[in-house]
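# Descriptive structure summary
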Amino acid sequence: MTFEPEELGQSRADLAETLKTLRKRAGRTQVWLAQRCNMSQTKVSNVEGGKLTPTLVDVELILRALDAPPKLVSEVAALARTANTEWQDVWSQRRTGLEKKQNELAGFEKSSTDFRYFLLSMVTGLLATPEYVRASLAGIPGDHSKAIAKKLERQAVLYDMSKRFTFILTEQAVRWPYLAAPVMAVQIDRLVSISLLPNVRLGVIPLEGHMPTAPLNTFTVCDSRIATVETSTGAMIFRDHRDVSAHLNEFSTYERYAVFGEQARERLTAWASQFRS
């Protein structure tokens, strides 16, 4: 299935209107539908009003209760999957202010407990030194002092022991010379320090041996409900359980190639030493 960016926002409204129309054509009330689907009437109302995006399971329950024909079930399910996918382009983020994106990420971190980060090409903000954070925004015009401050403020979540983090970084992500050599050494030292936190698993994938699979993107999974895939021009937010599960499975694959704990710290220390020499 392909996603057109302009469809991703409109599909939520289309799905809400479609489900509302189907219920009315079937001559059923929201209360009746809620009872048949084991939902609250408020939830049905919010789904039909576009205030709540239903999961595919919710949609399937509704369509089954309304005795929708198989062809229609397939079409509406496809619409639901598109409605559970969001495209955020970098230009819109810049127009609205990069600190707004940081607030959104902080919201994900507040409402989730289990985080998985696969970092293909660079260090993520939660692991970055102030110098690395500033460098990551240096090529974008404007004053980003608020976004930088928010990025650094978000790092406090790493010390919340009710949350669990697994970071997997490729050797390329760790060693890409994003900063001057001495400052890169300090950045790698920070990775070593964070790996010692009891609620953090930090692994690295060395560029050696045989790995019969190749990653295409950096991605993050929050709990088992949201996957974010980053590209150079934006990010895709997936809420469909099939998309999230696919990224969890991909993460598990890379986890098998990563080294953790003392092995990871030995690698990181050696790489930091190379930057210092």
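Residues numbered from 1 in each chain as written. Predicted model: local features only at pLDDT ≥ 70, side-chain atom pairs only at ≥ 80, totals over all residues. Heavy atoms only, no water.

### A look at the pattern of salt bridges
As a reminder, the rule being used: One side-chain nitrogen of Lys or Arg within 4 Å of one carboxyl oxygen of Asp or Glu is enough to make a salt bridge. A run of DSSP states H or I qualifies as a helix once it reaches four residues; a run of E qualifies as a strand once it reaches two. Both are numbered from the N-terminal end. Burial here depends on accessible area, computed with a 1.4 Å probe over protein chains only, as a share of the maximum for the residue type. Under 20% is buried, over 50% is exposed, and the range in between is partly exposed.
Scanning the model with the defined rule gives 14 salt bridges in all. The partner of Asp 189 in a salt bridge is Arg 276, and the shortest N-O contact between them spans 2.3 Å. Highlighted residues: Asp 189 in helix α11 (residues 181-194) and Arg 276 in helix α13 (residues 261-276), separated in sequence by 87 residues. Using a relative accessible area of 29% as the deciding quantity, one classes Asp 189 as partly exposed. Since its relative accessible area comes to 48%, Arg 276 is described here as partly exposed. A single network of salt bridges, built from pairs that share partners, joins Asp 114, Arg 116 and Arg 164.

### Side note on the nonpolar core
Rules: Grouping buried Ala, Val, Leu, Ile, Met, Phe, Trp, Tyr and Cys residues that are joined through side-chain atoms within 4.5 Å yields what is termed a nonpolar core.
Ranked by internal contacts, the top residues of the largest apolar core, which has 41 residues, are Leu 127, Phe 165, Phe 167, Leu 169, Leu 202 and Leu 268. When residues of this core are traced back to their parent elements, those giving at least two are β2 (114-119), α8 (130-137), α9 (145-154), β3 (164-170), α10 (171-175), α11, β4 (200-205) and α13. Broken down by element, this core gets its largest block of residues, six residues, from α11. Residues Leu 22, Cys 37, Met 39 and Ala 83 belong to the second largest nonpolar core, which totals 20 residues.

### Quick look at the packing of α11 against α13
Counted only if it meets this: Here an angle of 0 to 180 degrees is reported between the N-to-C directions of two axes, which are lines fitted to C-alpha atoms, with helices fitted over the stretch in contact. Note on terminology: angles under 35 degrees are roughly parallel, angles over 145 are roughly antiparallel, angles of 65 to 115 are roughly perpendicular, and the others are oblique. Each crossing gets its handedness from the near helix: less than a right angle anticlockwise from the far helix is left-handed, clockwise is right-handed. Two residues qualify as a contact provided that any one of their heavy atoms is within 4.5 Å of a heavy atom in the partner residue. Any residue outside Ala, Val, Leu, Ile, Met, Phe, Trp, Tyr, Cys, Pro, Asp, Glu, Lys and Arg is labelled polar, Gly included; the first ten of those are nonpolar and the last four are charged.
In contact at an axis separation of 8 Å, α11 and α13 are set at 165 degrees when each is read in the N-to-C sense. With respect to α13, the element α11 is oriented roughly antiparallel. Here α11 runs over α13; the crossing is left-handed. Residues Ala 181, Pro 182, Met 184, Ala 185, Val 186, Ile 188, Asp 189, Leu 191 and Val 192 of α11 form the contact with α13, whose own contacting residues are Arg 265, Leu 268, Thr 269, Trp 271, Ala 272, Phe 275 and Arg 276. Each residue belonging to the contact of α11 with α13 can be placed in one class, and the counts come to 12 nonpolar, one polar and three charged.

### Looking at the side chain of Glu 171
Within the secondary structure, Glu 171 is located in helix α10. Overall, Glu 171 belongs to the buried group, its relative accessible area being 13%. Not counting the four nearest positions on each side in its chain, Glu 171 is found in contact with Ile 205, Pro 206, Leu 207 and Trp 271.

### Details of the environment of Leu 126
On the secondary structure map, Leu 126 appears in the loop between β2 and α8. Separated by 28 residues in the primary sequence, Leu 126 and Arg 154 place their C-alpha atoms 6.8 Å from one another. Sequence-distant contacts of Leu 126, defined by excluding residues within four places in its chain, comprise Glu 109, Tyr 117, Arg 154, Gln 155, Val 157, Leu 158, Phe 165, Phe 167, Arg 190 and Ile 194.

### Description of α13
As a reminder of what qualifies: Expected span of a helix, by definition, is 1.5 Å for each gap between consecutive residues, and there is one gap fewer than residues. Note that the arc is computed from the directions linking the helix axis to the C-beta atoms.
An ideal rise of 1.5 Å per residue puts 22 Å on 16 residues; α13 measures up with 23 Å between its terminal C-alpha atoms. Within α13 the residues assigned to the buried category are Ala 264, Arg 265, Leu 268, Trp 271, Ala 272 and Phe 275. All buried residues of α13 fall inside an arc of 130 degrees around its axis, so they share one side. For α13, the exposed residues set more than 90 degrees away from the buried face come down to Gln 263 and Glu 266. In this structure, the buried side of α13 is in contact with α10, α11 and β4.

### Regarding empty space enclosed by the protein
The test is simple: Whether a set of points on the 1 Å grid over the protein atoms alone is a cavity depends on a 1.4 Å probe fitting there but being unable to get out, while an open set qualifies as a pocket with protein on both sides within 12 Å along at least five of seven lines; lining residues are those with an atom within 4 Å of a point. Grid points are joined across faces, edges and corners, and a volume is the space filled by probe spheres set on the points.
Following the criterion strictly, the structure yields one cavity of 30 Å³ or more and no others. Counted as a void, the largest cavity has a volume near 40 Å³. Contributing to the lining of the largest cavity are Arg 12, Leu 15, Ala 16, Val 47, Gly 50, Leu 52, Thr 53 and Pro 54. A total of three residues in the lining of the largest cavity trace back to one element, the largest contributor, which is helix α1 (residues 5-25). Here the residues of the lining of the largest cavity are counted per class, giving five nonpolar, two polar and one charged.

### Describing the packing of aromatic side chains
Test applied: Only Phe, Tyr and Trp rings are paired, with Trp represented by its six-membered ring, and only when their centres lie within 6.5 Å; those with planes under 30 degrees apart are stacked, over 60 edge-to-face, the remainder tilted. Note on geometry: a ring has a charge over it if NZ (lysine) or CZ (arginine) is within 6 Å of the ring centre and within 35 degrees of the ring normal.
Across all of its chains, the model carries seven aromatic pairs by this definition. On the basis of an interplanar angle of 25 degrees and a centroid distance of 4.8 Å, the ring pair of Tyr 117 and Phe 167 is categorised as stacked. A residue pair is termed long-range when its members are at least 10 positions apart, and Tyr 117 in strand β2 and Phe 167 in strand β3 qualify at 50 residues. Of the two residues, Tyr 117 and Phe 167, neither departs from the other in class, the shared state being buried. Geometry around Trp 32 places Arg 28 over its ring, the cationic atom sitting 4.1 Å from the centre. Over the ring of Phe 260 we find Arg 201, and its NZ or CZ is 3.9 Å from the ring centre.

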